[in-house]
Amino acid sequence: MLHFVRLTLFLLAFSATHASAEAWREGQQLVSVTTAHWDATTGELRRYVREGGQWKSIAGSTAVTIGRTGSAWGLGLHPTQPGLQKREGDGRAPAGLFVIGKAFGYADTATTGLDYQPMTAGDYCIDVPGSPLYSQIVDVAKVGEAAIEGNTEPMRRDLQTDADDLYQLGFVIEH
């Protein structure tokens, strides 16, 4: 008999200045991403608001794509967990409880309660751990070609070699 563990990634929408244990108590919006198992590359996203101290669903589920090789425990608001840990370059999305950062996407604007940053062909999320710009979205026109050397995370994938829409609309997980 097969048993599947449902993995959940919780994201709280609130100011990054509240990135502490109290954030869970103070958060008013929640995004939950659930996958069938650690190696799943897709899942379901659900949104909630806190009303009268209770989390209430505000919409049905939405299909989402996560890491190309699944998920692993990330660094967030939760205590360190046993098991597979997120490492740069492993192709896994971080799992756990995190603050939601800014939204980003291919369009010039988006309807969202988050700050929104439209992406261009020159935008990259720096995935080189030794870079002083590590884990930041940068514009190559502002930081220079040398700053993105060795980087593999273009934010306009539709204009890059992959030619896909995975980053058409997304948000930063403060991991």
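Structure shown above.
Treat the numbers as computed from the prediction; the structure is a model and nothing was measured. (Residues numbered from 1 in each chain as written. Predicted model: local features only at pLDDT ≥ 70, side-chain atom pairs only at ≥ 80, totals over all residues. Heavy atoms only, no water.)

A. Structural view of the overall build of the chain. Assigned secondary structure in the chain consists of two helices and 12 strands. Each helix and strand of the chain, ordered N terminal to C terminal, gives the series β-α-β-β-β-β-β-β-β-β-β-β-α-β. Here the chain holds 175 residues, and the buried ones make up 35% of them. Within the chain, counting contacts between residues at least 6 apart in sequence, those at least 24 apart form 47% of the total. (Helix = DSSP H or I, 4+ residues; strand = E, 2+ residues; numbered from the N terminus. Buried < 20%, exposed > 50% of the residue type's maximum accessible area, 1.4 Å probe, protein only. Contact = heavy atoms within 4.5 Å.)

B. Representation of the packing of aromatic side chains in the model. For the structure on display, the rule yields two aromatic pairs. Judged by centre distance (5.9 Å) and plane angle (90°), the rings of Phe104 and Tyr167 are edge-to-face. With Phe104 in strand S8 (residues 97-105) and Tyr167 in the loop between helix H2 (140-143) and strand S12 (169-174), the pair connects residues that are 63 residues apart, well separated along the chain. Take Phe104 and Tyr167: they sit in the same class, and that class is buried. (Phe/Tyr/Trp six-rings, centres within 6.5 Å; stacked < 30°, edge-to-face > 60°.)

C. A look at the environment of Glu153. Here Glu153 lies in the loop between H2 and S12. Considering only alpha carbons, one finds Glu153 and Val128, 25 residues apart in sequence, at a separation of 9.5 Å. Excluding residues within four positions of it along the chain, Glu153 makes contact with Tyr124, Cys125, Asp127 and Tyr167.

D. Spotlight on the pattern of salt bridges. As enumerated under the stated definition, the model contains five salt bridges in all. Residues Asp39 and Arg92 are paired through a salt bridge, measuring 2.9 Å at the closest nitrogen-oxygen approach. In this pair, Asp39 is assigned in the loop between strand S2 (29-35) and strand S3 (42-51) and Arg92 in strand S7 (residues 92-95), connecting sequence segments 53 residues apart. Among the salt bridges present, the one from Arg156 reaches Asp158, with a minimum N-O distance of 2.7 Å. For Asp158, a relative accessible area of 28% gives the class partly exposed. (Salt bridge = Lys/Arg side-chain N within 4 Å of Asp/Glu carboxyl O.)

E. View of the side chain of Asp123. Along the chain, Asp123 falls in strand S10 (residues 123-125). Summary of buried charges: Asp123 has no salt-bridge partner, and the nearest side chain of opposite charge, Lys142, is 7.2 Å away. At 2.6 Å, the side chain of Asp123 forms a polar contact with the backbone nitrogen of Thr120. Every residue in contact with Asp123, bar those within four places of it in the chain, is listed here: Pro118, Val138, Asp139, Pro154, Met155 and Arg156. (Lys, Arg positive; Asp, Glu negative; His and termini not counted. Polar contact = N/O pair within 3.5 Å; in protein donor to acceptor, adjacent residues only side chain to side chain.)

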